[in-house]
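Structure at a glance
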Amino acid sequence: MPEHPQIVFAGTDGGAVLDIDRYRAAGGFSALAKTRAMAPDDVIAELEASGLRGRGGAFFPTGRKWAFVPKPEALPKPHYLVVNADESEPGSFKDREIMLRVPFRFLEGCLIAAHGIQSQHVFVYIRGEYEREFEILRDSLEAVRKDDLLGGVTVVVHRGAGAYICGEETALLESLEGKRGQPRTKPPFPAIAGLYAAPTAVNNVESITTVTSVFELGAAEYAKLGVENSTGTRVFSLSGDVANPGNYELPHGISMRELVYDIGGGIANGRELKAVIPGGSSTSVLTADDIDVKMDFTSLVEAGSSIGSAGVIVIDDRCCMVQLGIRVSQFYEHESCGKCTPCRVGTKWVTQILEKIEDGRAAQADLDLLLSVCDRIMGKCLCPLGDSDAIAVLSYVDRFREEFQAHIDLGRCPFDGESSLEGILAPSAMHASQGHEAAHV
Amino acid sequence: MNDAQIQRLRKQYPDPLSAVMPALRIAQEQNGGWLSPDTIREVADALELTPAYCLSIASFYDQYRLEPVGRRVVEVCTNVPCALAGAQQVVEAFERELEVTAGSTREDGEYTLGTIECLGGCGWATVVAIDNRHRLRVTADDVPGIVKELRGA
Ligand SMILES: Cc1cc2nc3c(=O)[nH]c(=O)nc-3n(C[C@H](O)[C@H](O)[C@H](O)COP(=O)(O)O)c2cc1C
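Thresholds, definitions, all that
Residues numbered from 1 in each chain as written. Chains lettered and ligands numbered in written order. Predicted model: local features only at pLDDT ≥ 70, side-chain atom pairs only at ≥ 80, totals over all residues. Heavy atoms only, no water. Salt bridge = Lys/Arg side-chain N within 4 Å of Asp/Glu carboxyl O. Helix = DSSP H or I, 4+ residues; strand = E, 2+ residues; numbered from the N terminus. Buried < 20%, exposed > 50% of the residue type's maximum accessible area, 1.4 Å probe, protein only. Domains from an automatic or database assignment. Contact = heavy atoms within 4.5 Å. Buried area = accessible area lost by both parts, 1.4 Å probe. Polar contact = N/O pair within 3.5 Å; in protein donor to acceptor, adjacent residues only side chain to side chain. Near = heavy atom within 4 Å. Areas by Shrake-Rupley, 256 points an atom, 1.4 Å probe, with all protein chains shown as cover. Axes fitted to C-alpha atoms, helices over the stretch in contact; angles between N-to-C directions. Parallel < 35°, antiparallel > 145°, perpendicular 65-115°, else oblique. Pairing = 2+ DSSP bridges. Core = buried A, V, L, I, M, F, W, Y, C linked by side-chain atoms within 4.5 Å. Arc of directions from axis to C-beta. pLDDT = per-residue confidence, 0-100.

**A few points about the pattern of salt bridges**
Per the counting criterion, the structure on display carries 40 salt bridges over all chains. One salt bridge connects Arg55(A) with Glu206(A), and the closest N-O pair in it is separated by 3.9 Å. A residue pair is termed long-range when its members are at least 10 positions apart, and Arg55(A) in the loop between helix H3 (40-50) and helix H4 (62-68) and Glu206(A) in helix H10 (residues 205-217) qualify at 151 residues. Assigned by exposure class, Arg55(A) and Glu206(A) land together as buried. For the salt bridge of Arg133(B) with Glu131(A), the shortest nitrogen-to-oxygen distance reads 3.9 Å. Of the two residues, Arg133(B) is situated in strand E5 (residues 133-135) and Glu131(A) in helix H7 (residues 131-146); the pairing between them involves two chains.

Shown next, in the form of structure tokens:
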């Protein structure tokens, strides 16, 4: 495997740096000292120059997001930095490894960001299932406090309790305020009226950690990594039917072929590549023909998908795409917060129609109905959770239409019980409403 | 839940309402892993909220449990990456070894077995959470050994 520059995982030698002295000895917290000597506006300008864009899914320029937060003189309220560590998108498991291996680079980034937006209050919202990650953050934070590096900033690690929707930034803010995690109407945007109706920047764990790297390297050096529009590195989460799954920090713009074959070791068990979901389960599927696509924002859009959270799920030829659709749709149905009708009802319909197709009970009109239901979810809700279901399922139908058609024509699944997802189970919370048997696809 | 603990939680936030999630978590841990109506009432009293409000929060989030759970709780991720790695077989092996159907608690109260949404370990499939601690790369063949360990503990 060729050597690729490691800037998020720098200094780890493949392991973890959990000792603050070791982190400091390798230059840790020098970026913080450097930025604290700069005016906040200059910090933001340098970040804009780096081209860093958000790693949480939407790829919004991080510097610009910070620039939207009004100056304390203009809006004299407390300012908040909220870090999104809710990582729950199927296929994505990078933030977890960042917190496990470079907690100090992450916390340093939180303090740099707080300086940039002139905030004294940082909240890290970490998903409730991350026990070890929480403990490491708590202990690392204690070490930072003992070393007197907080500079008057308070950092609170707030634990979620199992709700994917709380990754959506306004739902996250509601949850942090002690409410049910349901998205808000925008505008106002969090930059103006976020946490406790005060100016707030919400950033992903990897974005914040990369902020430290930007100031360690300098914006110009950082921007030399990656490609135009997608500067720097990316922590790709590789999973599914691939020989060497795991997280890999690679420059943006690397080809999918290099990621899956050279780094991932190719398709497991000598099978044939069928499909790749490039950016977490909410992104459109690509086919084996797309294997030479470059893994950056623009190239993936041009290929008809999205870089999303860079959770790359590799799928080999044993997988039935209708079953894939069912399980993905079950996820969004289960995680829908219920606030908007098209999402609450539509995701359920999508699952049910797909189950009908899989069971061989579907007529041609059901396929049309599926497409029409997806269409009636898209863009009609406060947040894009329901859209994610529609986008994913529509892409399976679009790229693998003959497989859906075969289910209808044959009146059964053409995989004859041999699909790699055969017997896949819904989360048990859905069993009650469906009956345990029905939950088995 | 003692008062000092609650006051410390409340002080972490500009608005004490934010303490409801951590308070429910602690209350659940101290009540054998679930939130009984009495426990909900205690949290409500401590935070000067109504039980109905606390219940509305508890019922929204999957990790709060409104029914008793077994002494040990085993949850298998069955989302796509884990399913591609054979999560179904892992679930079946636990059903066999623990003698309980996924989605339920064994009658003697020893084990709860569940299937769960993505635990964020897709590259280390299949992920199994045992009392919230993650075991990675679990295969059906590993299950008898894990269950033996659970029995011993
Ligand atoms: C349903 C849904 C779930 C999301 N989940 C996450 C998540 O787990 N982590 C995350 O960082 N962003 C998530 N996002 C994106 C956030 O809303 C937000 O854009 C992001 O945290 C901003 O950080 P960034 O600019 O650094 O990427 C999600 C969005 C939606 C609509």
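**Quick look at the domain arrangement of chain A**
Residue and element names in this part refer to chain A. Looking at chain A, the domain boundaries give domain 1 (7-224), domain 2 (227-316) and domain 3 (321-410). The centre of domain 2, based on its C-alpha atoms, is set 24 Å off from the matching centre of domain 3. Counting residues at the interface gives 13 residues for domain 2, matched by twelve residues for domain 3. Both sides of the domain 2 and domain 3 interface together cover about 940 Å² of buried area, and 60% of this is carbon and sulfur. Run the count over domain 2 and domain 3 and you get one salt bridge. Connecting domain 2 to domain 3 are six residue pairs in polar contact (both at pLDDT 80 or more). Of all the elements, strand E9 (residues 273-277) adds the most residues to the side of domain 2 that touches domain 3, at three residues.

**What about the site of the ligand?**
Residues and elements named next belong to chain A. Around the ligand, the structure places 17 residues, and the nearest of them are Gly56, Lys65, Asn84, Asn204 and Ser207. Residue Lys65 places a side-chain N or O atom 2.8 Å away from an oxygen atom belonging to the ligand. For the ligand, the accessible surface in isolation is 610 Å², of which the surrounding protein chains cover 89%. Residue contributions to the shell around the ligand peak at three residues, all from strand E4 (residues 200-204).

**Comments concerning the domain arrangement of chain B**
Its domain assignment divides chain B into domain 1 (3-60) and domain 2 (72-152). Each of domain 1 of chain B and domain 2 of chain B has a C-alpha centre, and the two are 29 Å apart.

**Thoughts on the packing of helix H14 (residues 321-335) of chain A against helix H17 (residues 385-399) of chain A**
For any two helices packed against each other, one specifies the crossing angle of their axes together with the interaxial distance. Residue and element names in this part refer to chain A. The interhelical angle for the contact between H14 and H17, taken along N-to-C directions, is 175°, at an axis separation of 9 Å. As summarised for this structure, H14 and H17 are arranged roughly antiparallel, according to the angle between their axes. Here Met321, Leu324, Gly325, Val328, Ser329, Tyr332 and Glu335 of H14 come into contact with H17, specifically with Leu385, Ser388, Asp389, Ala392, Val393 and Tyr396.

**Quick notes on the sheet that holds strand E4 (residues 128-130) of chain B**
Residues and elements named next belong to chain B. Sheet architecture is open: five strands sit in the order E2-E3-E1-E4-E5, paired in mixed fashion. The outermost strands of the open sheet, each flanked by one partner alone, are strand E2 (104-105) and E5. As defined by bridge partners, strand E1 (residues 72-77) adjoins strand E3 (residues 111-116) across six bridges and the pair is classed as parallel. Looking at E3, one finds that Arg72 is bridged to Tyr111.

**A look at the interface of chain B and chain A**
Chain B puts 45 residues into the contact, and the matching count from chain A is 66 residues. Taken as a group, Phe60(B), Leu84(B) and Glu117(B) account for 16% of the area that chain B buries against chain A, more than any other trio of residues on that side. In this structure, Arg327(A) and Glu117(B) form a salt bridge, with 3.1 Å as the shortest nitrogen-oxygen distance. On the surface where chain B and chain A come into contact, there are 25 residue pairs in polar contact (both at pLDDT 80 or more).

**Considerations on the sheet that holds E9(A)**
The strands that make up a sheet are held in pairs by hydrogen bonds between backbone atoms, and each pair lies either parallel or antiparallel. Residue and element names in this part refer to chain A. Ordered in space as E8-E7-E11-E9-E10, the five strands form an open sheet in which the pairing is mixed. In this open sheet, the two edge strands, each paired with only one partner strand, are strand E8 (246-251) and strand E10 (286-287). In terms of strand pairing, strand E7 (residues 233-240) meets strand E11 (residues 311-316) through four bridges, oriented parallel. Of the residues in E11, the one forming a bridge with Ser239 is Ile313.

**Some remarks on the nonpolar core**
By size, the foremost hydrophobic cluster in this structure holds 85 residues, and its most contacted members are Ile165(A), Leu324(A), Leu370(A), Tyr396(A), Phe404(A), Leu24(B) and Tyr61(B). Tallying contributions element by element places H14(A) first for this core, with seven residues. If we ignore the near neighbours within four places in the chain, the residues touching Leu370(A) are Val350(A), Ile353(A), Leu354(A), Ile357(A), Val393(A) and Val397(A). In this structure, Phe9(A), Tyr23(A), Ala31(A) and Val102(A) belong to the second largest nonpolar core, which totals 55 residues.

**Brief notes about H3(A)**
Each turn of an α-helix holds 3.6 residues, which means side chains three or four residues apart point in the same direction. Residue and element names in this part refer to chain A. What H3 keeps buried is the set Pro40, Val43, Ile44, Leu47 and Ser50. End-on, the buried residues of H3 take up no more than an arc of 115°, which puts them together on one face. Gly51, located one to two residues past H3, shows a positive phi value of around 80°.

**What to know about the environment of Glu174(A)**
Residues and elements named next belong to chain A. On the secondary structure map, Glu174 appears in helix H8 (residues 169-176). Among the residues examined, Glu174 registers a relative accessible area of 16% and is labelled buried. Contacts of Glu174, omitting those with residues within four sequence positions, involve Lys179, Arg180, Gln182 and Arg184.

**With respect to the confidence of the model for chain B**
Per-residue pLDDT for chain B averages 96, and the proportion of residues at 70 or more is 100%. Scored as a complex, the prediction yields pTM 0.97 and ipTM 0.97.

**Brief notes about unusual backbone geometry**
Residues and elements named next belong to chain A. For the bond from Lys186 to Pro187, the omega torsion is -10°, close enough to zero to count as cis. For Pro187, the location among the structural elements is in the loop between H8 and helix H9 (190-193). Here the residue pair Pro187 and Pro188 is connected by a cis peptide bond, since its omega of 5° sits within 30 degrees of zero. Its location among the elements puts Pro188 in the loop between H8 and H9. A positive phi angle, near 70°, is found at Phe29, a position not held by glycine. By the element assignment, Phe29 lies in the loop between helix H1 (20-25) and helix H2 (30-36). Looking at Phe29, the relative accessible area reads 6%, which means it is buried. For Asp148, which is not glycine, the phi dihedral falls at a positive 60°. Of note, Asp148 is situated in the loop between H7 and strand E3 (154-159). Of the residues examined, Asp148 reaches a relative accessible area of 70% and is grouped as exposed.

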